[in-house]
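Chain and residue survey
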Amino acid sequence: MSVRTDNRLLDSPLIPVSCRRCGAEVLARKSTWQQTSVQWDAEATATCAQLREAEALKQHGRGLFLVCSELRDSIEDAARRGRLPILDEVDDEMPSNPIVE
Amino acid sequence: MTLQLNTDEIRQIEAEAAPTRFARGWHCLGLTREFGDGKPHTVNAFGERLVIFRGADGKLNVLDSYCRHMGGDLSQGEVKGNEIACPFHDWRWGGDGRCKQVPYSRRVPKLARTATWATLEQDGMLFVWNDPERKPPPPEVTIPRIEGAGSDEWTDWHWYTTLVNTNCREIIDNVVDMAHFFYVHGSMPTHFKNIFEGHVATQYMNSGGRADIPNPEGQPPMLGTTSIASYFGPSFMIDDLTYHFEYEDQKTVLLNCHYPIDANSFVLQYGIIVKKSEHLPEEAAMQTAIALGDWVKVGFEQDVAIWKTKARIDNPLLCEEDGPVYQLRRWYEQFYVDVADVTPDMVDRFEYEIDVTRPREAWQKVVEANIAARAAQS
């Protein structure tokens, strides 16, 4: 089984964003202001202070680390500065769907 | 008139055959109470036939069911002491896979050893470790304990088992498939996030009630649910699922697990326990577990109806409001390659949160239209 490429990433891949707190570098993509994907690598997970803290706290491996608030803010900041595109706002070529009943 | 068909402009569905290799990982075969009666049990799994039996020493054993002597089916035999005796010639096999005794022979031949599966009995369930490389299970991927299972404050398991005739990747896809929860299951997702990391894939979903769908029989109006559901490995999902009602929250744990029979069929199981409360004493809590379980069963049947006729698709065509199907499959792939071939991208942390604004607008319209249609009928 080979895993193919997500059709959504062909024109708009994830791009690097660094955390302003710890400097961890991840790949991020924002479809809208509320929709974000974040790809970490081993180096980033080892660097992130909040993630390390959560790892230390959780027992039996069932605690769930939802989000690093510093990284989330850093990604939003990159979007506000125009470094990270909000795809919903730049992608005018795609036809938009009317809401149908 | 000439009709020009430019095949380049047609999106083609691509699909390789389902893998004939079976996922490395812990698989729940069912409740231990089903297997522990001192009789041998047959389970078809991982492309093979297994025999499960509890020996006199109390241990549950899982062996390849075909006797290495002449191919008899051990699961049709008899438990004798700590061993399973073949119905064909009474050869006795121990839980360690070794032939312990051939009663009519002076000696046991060399190499009288059969395949075994490592087992785990936990929280009322029996798990087996499947590994095509035949290595022992690493401790870091063990199944976590379920708080509530076996506790007086919670009900016993309400369990359900069914056979599904498709490759098990279909049910894995549900982890990321937000929109199908509306269209297939009548939910109203209001928050949806996935996180994959290591051998764990999580779906965090909140949902609201559907005003156009009647409540299950005997249930009060449900305001919504909060669900944190994680696959621990390729086949065992624990869902901490809370139902919100006006008068209180109802805490449940929903298990969703499966094991493959072969490349194109699997056994799907769910288990549910409900926390008892002031409003929900013993008997009522069990009734709730059964009622919610029946609701989940309907959900499974809704999925199965889709799977029955859908195509296997390796290149789904996704819109922005869809979840991370490709990234989930990349995570899932780690269980189908040798440990040495697991690449960082299969296990690195990945987060994906969907903006539900647009889906909710569209779905609210559908709900309103359904209500209007029903009002017009009556």
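Located above this text is the structure these notes cover.
A quick note: this is a predicted structure, and the numbers were derived from the prediction, not measured.

Residues and elements named next belong to chain B. Approximately 960 Å³ is the volume found for the second largest pocket. In terms of lining, the second largest pocket is formed by 44 residues, of which the most central are Phe181, His185, Ser187, Tyr243 and Trp295. No other element matches helix H4 (residues 282–309), which puts eight residues into the lining of the second largest pocket.

What follows covers the interface of chain A and chain B. Contacts between the two partners involve 36 residues from chain A, matched on the other side by 48 residues from chain B. Summing both partners gives a buried area of about 3600 Å² for chain A against chain B, and 50% of it is carried by carbon and sulfur. The residue Arg4(A) makes a salt bridge to Glu14(B) at a minimum N-O spacing of 2.7 Å. Seen at the junction of chain A and chain B, the total is 22 residue pairs in polar contact (both at pLDDT 80 or more). Going through the elements one at a time, strand S3 (36–39), helix H1 (42–47) and helix H2 (49–57) of chain A are the ones with two or more residues in the side of chain A that touches chain B. Among the elements that line the side of chain A that touches chain B, the one with the most residues is S3(A), at four residues. A per-class count over the side of chain A that touches chain B returns 14 nonpolar, 14 polar and eight charged.

Before going further, it helps to spend a moment on helix H3 (residues 69–80) of chain A. Residue and element names in this part refer to chain A. Spanning 12 residues, H3 covers 16 Å between terminal C-alpha atoms, matching the ideal 16 Å at 1.5 Å per step. Check the buried side of H3 and you find it contacts strand S1 (15–18), strand S2 (25–30) and S3. Of the residues one or two after H3, Gly82 is the one with positive phi, at around 80 degrees.

Below, the discussion takes up the nonpolar core. Residues and elements named next belong to chain B. Counting 52 residues, the largest nonpolar core has Phe196, Tyr231, Leu328 and Trp331 as its most contacted members. Sorting elements by how many residues they give to this core places H4 first, with seven residues. When neighbours within four sequence positions are excluded, Trp331 is seen to be in contact with Phe196, Gly198, His199, Val200, Ala201, Tyr231, Gly233 and Met346. Phe127, Trp154, Phe236 and Cys257 belong to the second-largest nonpolar core, a separate cluster that totals 22 residues.

Before going further, it helps to examine the sheet that holds strand S1 (residues 25–31) of chain B. All names here are of chain B. Ordered in space as S1-S10-S9, the three strands form an open sheet in which the pairing is antiparallel. Each end of this open sheet is capped by a strand with a single partner; those strands are S1 and strand S9 (118–122). The mean inter-strand angle of the sheet, taken between neighbouring strand axes irrespective of direction, is 30 degrees. Two elements, S9 and strand S10 (residues 125–130), share five bridges in a ladder whose sense is antiparallel. For Gln122, the partnering residue across the bridge sits in S10 and is Met125.

In space, the 11 strands of this open sheet follow the order S1(A)-S2(A)-S3(A)-S18(B)-S12(B)-S13(B)-S14(B)-S15(B)-S16(B)-S17(B)-S11(B), with antiparallel pairing throughout. At either margin of the open sheet sits one strand with a lone partner, and together these are S1 of chain A together with strand S11 (158–164) of chain B. Ignoring strand direction, the axes of neighbouring strands in this sheet form an average angle of 20 degrees. Pairing analysis gives nine bridges linking strand S15 (residues 236–245) of chain B to strand S16 (residues 249–262) of chain B, with the strands arranged antiparallel. Each bridged residue has a counterpart across the sheet, and for Asp240(B) the counterpart in S16(B) is Val253(B).

The next subject is the packing of aromatic side chains. The geometry of an aromatic ring pair comes down to the distance between the two centres and the angle between the two planes. All names here are of chain B. Using the criterion set out here, one finds 17 aromatic pairs over all chains in the structure. Between Phe350 and Tyr352, the ring centres sit 6.3 Å apart and the planes meet at 40 degrees, which makes this aromatic pair tilted. One residue, Arg134, lies across the ring of Trp117, its end atom 5.3 Å from the ring centre.

Residues and elements named next belong to chain B. Applying the stated criterion across every chain, the model contains 29 salt bridges over all chains. The salt bridge partner of Lys80 is Asp90, with a shortest N-O separation of 2.7 Å. Of the two residues, Lys80 is situated in strand S5 (residues 78–80) and Asp90 in the loop between strand S6 (83–85) and strand S7 (92–93); the sequence distance between them amounts to 10 residues.

A few words now on the environment of Thr155(B). Residues and elements named next belong to chain B. Locating Thr155 in the fold gives a position in the loop between S10 and S11. Owing to a relative accessible area of 4%, Thr155 belongs among the buried residues under this scheme. Each C-alpha atom of the pair Thr155 and Ala289 lies 7.6 Å from the other, and the pair is 134 residues apart in sequence. In this structure, Thr155 is in contact with Ile272, Ile273, Val274, Lys276, Ala285, Met286 and Ala289, ignoring residues within four places of it in sequence.

Turning our attention to the side chain of Ser31(A). Of note, Ser31(A) is situated in the loop between S2 and S3. For Ser31(A), a relative accessible area of 6% puts it in the buried group. Apart from the residues lying within four places of it in its own chain, the contact partners of Ser31(A) are Ile86(A), Leu87(A), Asp88(A) and Glu320(B).

Another aspect to go through is the state of the cysteines. With the rule as written, the count across this model stands at zero disulfides over all chains. Residue Cys68(A) stays outside any disulfide, its sulfur separated by 3.8 Å from that of Cys48(A), the closest cysteine. Of the residues examined, Cys68(A) reaches a relative accessible area of 3% and is grouped as buried. Counting only cysteine sulfurs, Cys67(B) is the nearest neighbor of Cys99(B), a cysteine outside any disulfide, at a range of 7.0 Å.

Let us now look at the pairing of strand S3 (residues 48–54) of chain B. All names here are of chain B. Burial within S3 is extensive, with five of its seven residues counted as buried. Bridge count between strand S2 (residues 41–45) and S3: five bridges; the pairing is antiparallel. From the neighbouring strand, Asn44 faces S3, where its bridge partner is Arg49. Where S2 folds back onto S3 in an antiparallel hairpin, the turn is made up of two residues, including Phe46, whose phi is positive at roughly 55 degrees. Sheet topology note: the S3/strand S4 (residues 60–64) ladder contains five bridges and is antiparallel. By the bridge assignment, Val51 is partnered in S4 with Leu63. Between the end of S3 and the start of S4, which pair antiparallel, lie five residues, with Gly58 showing a positive phi angle near 90 degrees.

Cut-off values and rules
Residues numbered from 1 in each chain as written. Chains lettered and ligands numbered in written order. Predicted model: local features only at pLDDT ≥ 70, side-chain atom pairs only at ≥ 80, totals over all residues. Heavy atoms only, no water. 1 Å grid on protein atoms, 1.4 Å probe; cavity = no way out; pocket = protein on both sides within 12 Å on 5 of 7 lines; lining within 4 Å. Points joined across faces, edges and corners; volume = space filled by probe spheres on them. Helix = DSSP H or I, 4+ residues; strand = E, 2+ residues; numbered from the N terminus. Contact = heavy atoms within 4.5 Å. Buried area = accessible area lost by both parts, 1.4 Å probe. Salt bridge = Lys/Arg side-chain N within 4 Å of Asp/Glu carboxyl O. Polar contact = N/O pair within 3.5 Å; in protein donor to acceptor, adjacent residues only side chain to side chain. Nonpolar A, V, L, I, M, F, W, Y, C, P; charged D, E, K, R; others polar. Expected span 1.5 Å × (residues − 1). Core = buried A, V, L, I, M, F, W, Y, C linked by side-chain atoms within 4.5 Å. Buried < 20%, exposed > 50% of the residue type's maximum accessible area, 1.4 Å probe, protein only. Pairing = 2+ DSSP bridges. Axes fitted to C-alpha atoms, helices over the stretch in contact; angles between N-to-C directions. Phe/Tyr/Trp six-rings, centres within 6.5 Å; stacked < 30°, edge-to-face > 60°. Lys NZ or Arg CZ within 6 Å of the ring centre and 35° of its normal. Disulfide = S-S within 2.5 Å.

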